[in-house]
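Inside the fold
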Amino acid sequence: MNDHSLRILEFRRIVEQLKDQAACELGRWAVSGIHPASDIESAQRRQKETSEAKSIFQNEGRIPLDGIRDIRPYIEKARLEAMLQPLELLDVCRTLSSARRLRSFLTKLSEHYPLMSSIGGRIITF
């Protein structure tokens, strides 16, 4: 999609509104990089994923996203073999626990929400 079309559709405004709804900083970062689907199959899949996520929120209650932190700086620090501080390690622990909870929550919903369950199944737990 060209820049003119994105401007006419106010795509950036929609992205900003979506960022305001994100549950954490990492979600806001992920939303910043989205772009319109380039083919009909991708667009349809994204619409189905969005519909499933909305249904989960409406029918299953709150999606367990509490405790997720942006630990990318800590991963980089560890990659450089620097020592993580206790509060940094606590953030890593909380994020890993949250990821495990989210994976469990989503994979249990496979019968009614197969796309979201598939996404949950791709969450790696340690």
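Residues numbered from 1 in each chain as written. Predicted model: local features only at pLDDT ≥ 70, side-chain atom pairs only at ≥ 80, totals over all residues. Heavy atoms only, no water.

Re the confidence of the model for the chain
Stated formally: Scored between 0 and 100, pLDDT is the confidence that the predictor attaches to each residue. Per the convention used, a helix needs a DSSP run of H or I reaching at least four residues, while a strand needs a run of E reaching at least two, with both numbered from the N terminus.
On average, the chain scores 92 in pLDDT, and the residues at 70 or more come to 100%. Mean pLDDT in the chain bottoms out at helix α3 (residues 25–32), which sits at 89, and peaks at helix α7 (residues 114–121), which reaches 96.

What about unusual backbone geometry?
Our working definition: Note on exposure labels: buried denotes an accessible area under 20% of the residue type's maximum, exposed denotes more than 50%, and partly exposed covers the range between, all computed with a 1.4 Å probe on protein chains only.
The backbone of Glu 10 shows a phi angle near 55 degrees, a positive value even though the residue is not glycine. Structurally, the position occupied by Glu 10 is in the loop between α1 (3–8) and α2 (11–21). A relative accessible area of 39% means that Glu 10 is categorised as partly exposed. Even without being a glycine, Glu 81 presents a positive backbone phi close to 65 degrees. Summarising the element assignment, Glu 81 is placed in the loop between α5 (72–79) and α6 (86–107). Take Glu 81: its relative accessible area is 74%, and that puts it in the exposed class.

Let's talk about α2
The criterion, for reference: The directions considered for the arc are those from the helix axis to the C-beta atoms. In this description, contact between two residues means that some pair of their heavy atoms is separated by no more than 4.5 Å.
Within the sequence span of α2, burial applies to Phe 11, Val 15 and Lys 19. The buried residues of α2 all sit within an arc of 80 degrees when viewed along its axis, so they share a single face. Looking at α2, the residues exposed on the side facing more than 90 degrees away from the buried face are Arg 13, Asp 20 and Gln 21. Next to the buried residues of α2 lie α1 and α3.

Some points on the packing of α6 against α7
Just so we agree on the cut-off: For every element, the axis is a line fit to its C-alpha atoms; helices are fit only across the contacting stretch, and the angle between N-to-C directions ranges from 0 to 180 degrees. An angle below 35 degrees is read as roughly parallel, one above 145 as roughly antiparallel, one from 65 to 115 as roughly perpendicular, and any other as oblique. We call a crossing left-handed when the near helix sits turned anticlockwise from the far one by less than a right angle, and right-handed when that turn is clockwise. Residues are grouped as follows: nonpolar covers Ala, Val, Leu, Ile, Met, Phe, Trp, Tyr, Cys and Pro; charged covers Asp, Glu, Lys and Arg; every other residue, Gly included, is treated as polar.
At a minimum axis separation of 8 Å, α6 and α7 run at an interaxial angle of 150 degrees. With respect to each other, α6 and α7 are oriented roughly antiparallel. Of the two possible hands of crossing, α6 and α7 adopt the one that is left-handed. Here Arg 103, Leu 106 and Thr 107 of α6 lie close against α7, whose contacting residues are Met 116, Ser 117, Gly 120 and Gly 121. Classifying every residue of the contact of α6 with α7 by side-chain character gives two nonpolar, four polar and one charged.

Structural notes on the environment of Leu 115
Mapped onto the fold, Leu 115 is located in helix α7. A sequence separation of 63 residues divides Leu 115 from Glu 52, and the C-alpha atoms of the two residues are 7.3 Å apart. Not counting the four nearest positions on each side in its chain, Leu 115 is found in contact with Arg 45, Lys 48, Glu 49 and Glu 52.

Focus: the pattern of salt bridges
Here is the rule we go by: Within this document, salt bridges are pairs made up of a side-chain nitrogen of Lys or Arg and a carboxyl oxygen of Asp or Glu, the two lying within 4 Å of each other.
All told, the structure shown has 10 salt bridges when counted by the stated rule. Of the charged contacts, one joins Arg 94 and Asp 91 as a salt bridge, the two residues approaching to 3.9 Å between their closest N and O atoms. In this pair, Arg 94 and Asp 91 are both assigned in helix α6, three residues apart and thus about one turn of the helix distant. The class of Arg 94 is partly exposed, set by a relative accessible area of 38%. Under the relative-accessibility criterion, Asp 91 is labelled buried at 15%.

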